[in-house]
Amino acid sequence: MDIISLIIFLAVGALAGWMAGNIMKGSGFGVIGNIIVGIIGAVLGGFVFGLLGITTGGLLGAIIMATIGAVMLLFLIGLIKKT
């Protein structure tokens, strides 16, 4: 992975984490926290989309998939925190 790919990967993670935080009405986790939530969300979203047989393409597809995964992650964290 070259440096440009890494920067794009981190930018997509940060954007997905920020968008998921806004969707879930969270207070945000800061830049580093948003990147972490976005990256974990991208992995979760890719796993779930793969199970459902859904494929995404391009940068926009990656952002949407990562955001949906990050929303699912924040939802699961919210369920765990309530108990």
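All of these numbers come straight from a predicted model, not from anything done at the bench. (Residues numbered from 1 in each chain as written. Predicted model: local features only at pLDDT ≥ 70, side-chain atom pairs only at ≥ 80, totals over all residues. Heavy atoms only, no water.)

Trainee: I'm lost on the nonpolar core in this one. Help?
Mentor: Where a protein is soluble and globular, its nonpolar side chains tend to be buried together. Listed in full, the six residues of the largest apolar core are Ala20, Val37, Ala70, Val71, Leu73 and Leu74. If you tally residues by element for this core, the top one is helix α3 (residues 58-82), at four residues. (Core = buried A, V, L, I, M, F, W, Y, C linked by side-chain atoms within 4.5 Å. Buried < 20%, exposed > 50% of the residue type's maximum accessible area, 1.4 Å probe, protein only. Helix = DSSP H or I, 4+ residues; strand = E, 2+ residues; numbered from the N terminus.)

Trainee: Is there a simple way to think about the side chain of Thr67 in this case?
Mentor: Of note, Thr67 is situated in helix α3. Since its relative accessible area comes to 5%, Thr67 is described here as buried. Excluding its chain neighbours within four sequence positions, the residues that come into contact with Thr67 are Ala16, Met19, Ala20 and Ile23. (Contact = heavy atoms within 4.5 Å.)

Trainee: Would you mind going over helix α1 (residues 3-23) with me for this structure?
Mentor: It helps to recall that an α-helix has 3.6 residues per turn; residues three or four apart then point in one direction. The terminal C-alpha atoms of α1, which comprises 21 residues, lie 30 Å apart, in line with the 30 Å expected from a rise of 1.5 Å per residue. Residues of α1 that are buried in the fold lie against α2 (30-52) and α3. With its phi angle positive at about 60°, Lys25 sits one or two positions after the end of α1. (Expected span 1.5 Å × (residues − 1).)

Trainee: Just to check I follow, could you spell out α3 for this structure?
Mentor: Along its 25 residues, α3 runs 36 Å from first to last C-alpha, staying within 8% of the 36 Å computed at 1.5 Å per residue. Every buried residue of α3 is accounted for by Gly61, Ile63, Met65, Ala66, Thr67, Gly69, Ala70, Val71, Leu73 and Leu74. Residues of α3 that are buried in the fold lie against α1 and α2.

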